[in-house]
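One-letter residues, chain by chain:
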Amino acid sequence: MSAQGKSIWPWLRSSNSQNSLQQAAEAEARQRSDMIDMELAAERARLQQESKTKILLLGPSEAGKTTVVKNFQLAFTPKSFLAQAAAWLPVIQLNLVHSVNTILDALDLVRSDSAEPEDSEYQSSHTIPEDLRQLGGRIAEKLAELESELSGELYSSAPPPSSRPPSRSDHERPRLQHRLSMVSVRGVTLRHKPTEFQSAFPSWKIVVDRARAILAECAPDIASLWAHPWVRSGLKAQGIHPEHQPGYFLPDAARIASPHYLPTPEDILRARLTTASAEEHSLMLDVGMARKEWLLCDVGGSRSQRGAWAQYFDDAKLVIFVASLTAFDETLAEDSAVNRLTDTLLLWRNICANKLLASVELVLFLNKLDILKAKLENAGVAFVHHVNSFKSRPNDVPTVSKYIKEMFLAQYRQYSSSERKVFAHITCAVVSRFSDRLHLFPDRFV
Ligand SMILES: Nc1nc2c(ncn2[C@@H]2O[C@H](COP(=O)(O)OP(=O)(O)OP(=O)(O)O)[C@@H](O)[C@H]2O)c(=O)[nH]1
Ligand SMILES: [Mg+2]
């Protein structure tokens, strides 16, 4: 400031110094206040972190991990869960079309009259009834195209469309098995998460409406196909049970094709969509007076995806390992030489033995109780034919499920990397409401 300025405006000088004092005081106050805010934010984050529980869902493909997550969402955040119902429509349409195409393939219903007799024992000794041949002729092409279109929309590397080779000899069996679990084919990646379908692909509505129209045309034939005694016995003779497969909507064709159909909660739980990469879901739980947050980390269970699991182990407090009670007479989609129960037990053993998870508590869901019941009681499957050590025990649901549970617990006792409890439960993820079942978890998590 100039000398002139000093003499002419002395009051200004003093006012300036007061101002700067005031400014300094204000700055200090602001700094203090910022500090307090930061401390409060840190405290809030700490408290939030403490009330946040990261839960990993592990287990082989198709065991029901994603279904368990959906079940939790339905129980704890029903509004947002149901708001996404329409997004599951193309998945359910694809599941249905896939089941129909699997039957057409398995029974060779689109074999032309001029085709050579089949070389497999089954096909050569069975003449296709004329009504079924005509039915196959009416729907096969349309549904093959539709399957390819829907899977092309949902998966970025889609499984091959429903191709129909002229014969179904024994060496083609693995291919058929593979088709049966098409939606968990190795290497398939989803184009979008279900919740993003609507916004992510502009053709969504066109595709869904087109699928609806084709299904409406085919629904009566689909119903006749599934009700046909020749089809039922033909599938049984080949050991194919679509009703035990994921994404089973065969009895629901007319309902799914209807113009105003919106998937119900039960449909969403039953819909099958492979988890292509790990997904995290936040769930707020109101338990008594407390509010807790669960971060559910759902991974893909196919062999090719398991190598990536370890990166999600950090900060995990709990593992929910989901295994299927019905794996004992199934083989892997990735390798038809490997029994699924053997594979699951090995995977469980590795998780129990894993040192990175030594401080993590374990919950084991032995899932698909309803299918176990259907296999043992309706399909007459003998557990001992697949697990010799079962010997002459009764082939009923309580005995078999208890035996399977014991097989898992034995692995845990022998291989667990630390002393900890394991909470093992028999579940049916498509019907149970897990909100009623929080007692399945160790106390400190709920
Ligand atoms: N009937 C029946 N079906 C079930 C049950 N649990 C799951 N499913 C069905 O089994 C299929 C596979 O379930 P998912 O939850 O997708 O399996 P996942 O373990 O997530 O499989 P990946 O994502 O491949 O690792 C779906 O169609 C489910 O509806 C059950 O308890 N009973
Ligand atoms: Mg999944």
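Position numbers for residues start from 1 in each chain and track the written sequence from start to end. Each chain takes a letter, starting from A, and each ligand takes a number, starting from 1, following the order in which they are written. Residues qualify for local features only when their pLDDT is at least 70, as the model is predicted, and side-chain atom pairs are given and counted only at 80 or more; totals for whole chains, interfaces and linings, by contrast, use all residues. The basis for the side-chain values is all heavy atoms of the structure; hydrogens and waters are excluded.

Tetrahedral coordination by four donors sets the ideal angle at the metal to 109.5 degrees; octahedral coordination by six donors sets it to 90 or 180 degrees. Water is absent from the atoms considered, so a metal site may look incomplete; donors are defined as N, O and S atoms within 2.8 Å of the metal, or 3.2 Å for Na, K and Ca. Coordination sphere of the magnesium ion (ligand 2), protein contribution only: Thr66 (OG1) and Thr275 (OG1), at 2.0 Å. Taken together, the positions of Thr66 in helix H3 (residues 65–76) and Thr275 in the loop between helix H13 (265–270) and strand E2 (279–287) put the pair 209 residues apart, joining distant regions of the chain. Numbering of helices and strands runs from the N terminus, with a helix taken as a DSSP run of H or I at least four residues long and a strand as a DSSP run of E at least two residues long.

On to unusual backbone geometry, then. Although it is not a glycine, Asp315 sits at a positive phi angle of roughly 65°. By the element assignment, Asp315 lies in the loop between helix H14 (303–306) and strand E4 (316–324). Relative accessibility decides the category of a residue: with a 1.4 Å probe and only protein chains considered, values under 20% of the type maximum give buried, values over 50% give exposed, and everything between is partly exposed. Residue Asp315 is classed as exposed on the basis of its relative accessible area, which comes to 58%. Of note in the backbone geometry, Lys368 takes a positive phi value of approximately 70° without being a glycine. With respect to the element layout, Lys368 can be found in the loop between strand E5 (361–367) and helix H16 (369–378).

So, on to the site of ligand 1. Ser61, Thr67, Leu269, Arg272 and Gly301 are the nearest of the 26 residues found near ligand 1. Polar contacts, as counted here, are pairs of nitrogen or oxygen atoms within 3.5 Å of one another; within protein the pair requires one atom able to donate a hydrogen and one able to accept it, and residues that are adjacent in sequence qualify only if both atoms are side-chain atoms. Contacts to ligand 1 include Thr67, whose side-chain N or O atom sits 2.5 Å from an oxygen atom. In this structure, an oxygen atom belonging to ligand 1 sits 2.7 Å away from a main-chain N or O atom of Leu269. Contact with the protein chains removes 97% of the 650 Å² of surface that ligand 1 exposes when unbound. When contributions to the shell around ligand 1 are tallied by element, the ones reaching two or more residues are H3, H13 and H16. Looking at the shell around ligand 1, its residues break down into ten nonpolar, ten polar and six charged. Each of domain 2 (53–84 + 273–445) and domain 3 (85–270) gives at least three residues to the shell around ligand 1. One heavy atom within 4 Å of a molecule or strand makes the whole residue count as near it. Here, Shrake-Rupley sampling with a 1.4 Å probe gives the accessible areas, and only protein chains in the shown set may cover a residue. Polar here means any residue outside two lists: the nonpolar Ala, Val, Leu, Ile, Met, Phe, Trp, Tyr, Cys and Pro, and the charged Asp, Glu, Lys and Arg; Gly therefore counts as polar. The split into domains, and so the bounds of each, comes from an automatic or database assignment of domains.

Confidence in the prediction for the chain averages 83 pLDDT; 77% of positions are at 70 or higher. On a range of 0 to 100, pLDDT expresses the predictor's confidence in each residue. Taking the mean pLDDT of every element in the chain, the minimum, 34, falls on helix H8 (residues 173–180) and the maximum, 98, on helix H15 (residues 340–353). In this model, residues 1–9 is a region of pLDDT below 50 whose contacts with residues beyond four sequence positions or in other chains number four contacts. Residue contacts follow a heavy-atom distance rule, with two residues in contact if any of their heavy atoms lie within 4.5 Å. Within the model, the stretch residues 158–190 combines pLDDT values under 50 with 92 contacts to residues more than four positions away or in other chains.

Right, let's talk about the packing of helix H7 (residues 130–154) against helix H10 (residues 204–227) for a bit. It is the contact of H7 with H10, at a shortest axis distance of 10 Å, that shows an interaxial angle of 150°. Considered as vectors, H7 and H10 are oriented roughly antiparallel to each other. Helix-helix and strand crossings are classified by hand; for H7 and H10 the assignment is left-handed. Across the interface between the two elements, Leu132, Leu135, Arg138, Ile139, Lys142, Leu143, Glu145, Leu146, Glu149, Leu150 and Glu153 of H7 pack against Val207, Arg210, Ala211, Ile214, Leu215, Glu217, Cys218, Asp221, Ile222, Ser224 and Leu225 of H10. Across the contact of H7 with H10, the residue classes tally to 13 nonpolar, one polar and eight charged. Geometry is summarised by axes, namely lines fitted to C-alpha atoms with helices restricted to the contacting stretch, and by angles between N-to-C directions that run from 0 to 180 degrees. Small angles under 35 degrees read as roughly parallel and large ones over 145 as roughly antiparallel, with 65 to 115 read as roughly perpendicular and the rest as oblique. Crossings are sorted by hand: turned counterclockwise from the far helix by less than a right angle, the near helix makes the crossing left-handed, and turned clockwise it makes it right-handed.

In terms of nonpolar packing, the biggest core is built from 54 residues, with Val100, Leu143, Leu215 and Leu225 touching the most fellow members. Sorting the residues of this core by element identifies helix H5 (89–107), H7, H10, helix H11 (229–237), helix H12 (253–257) and H13 as the ones contributing at least two each. Two domains each donate at least three residues to this core, and these are domain 2 (53–84 + 273–445) and domain 3 (85–270). Excluding residues that lie within four positions of it along the chain, Leu225 makes contacts with Val100, Ile103, Leu104, Leu109, Leu132, Leu135 and Val231. Put simply, buried Ala, Val, Leu, Ile, Met, Phe, Trp, Tyr and Cys residues joined by side-chain atoms within 4.5 Å make one nonpolar core. Ranked by size, the runner-up nonpolar core spans 39 residues in total, among them Leu56, Phe390, Val400 and Ile404.

Now for the packing of aromatic side chains. Each pair of aromatic rings taken from Phe, Tyr and Trp, with Trp reduced to its six-membered ring, is defined by centres within 6.5 Å and is described as stacked if the planes are under 30 degrees apart, edge-to-face if over 60, and tilted in the remaining cases. Counted under the stated rule, the structure contains nine aromatic pairs. Taking 5.4 Å as the distance between ring centres and 85° as the angle between the ring planes, the aromatic pair formed by Phe72 and Trp294 counts as edge-to-face. Here the residue Phe72 occupies a position in helix H3, and Trp294 occupies one in strand E3 (residues 290–298), the gap between them amounting to 222 residues. Residue class for Phe72 comes out buried when judged on its relative accessible area of 0%. Given the relative accessible area of 0%, Trp294 is considered buried. In textbook terms, an aromatic cluster arises when at least three aromatic residues are bridged by ring pairs, as seen for Phe328, Phe383, Phe390 and Tyr403.

Next up on the list: the environment of Pro259. Along the chain, the position of Pro259 falls in the loop between H12 and H13. Accessibility expressed as a relative area gives 60% for Pro259, which makes it exposed.

Our next topic: the side chain of Gln73. By secondary structure assignment, the location of Gln73 is in helix H3. Accessibility expressed as a relative area gives 17% for Gln73, which makes it buried.

Secondary-structure assignment places Arg306 in helix H14. According to the relative accessible area criterion, Arg306 is buried, its value standing at 16%. Contacts of Arg306, omitting those with residues within four sequence positions, involve Pro60, Gly301, Asp343 and Leu347.

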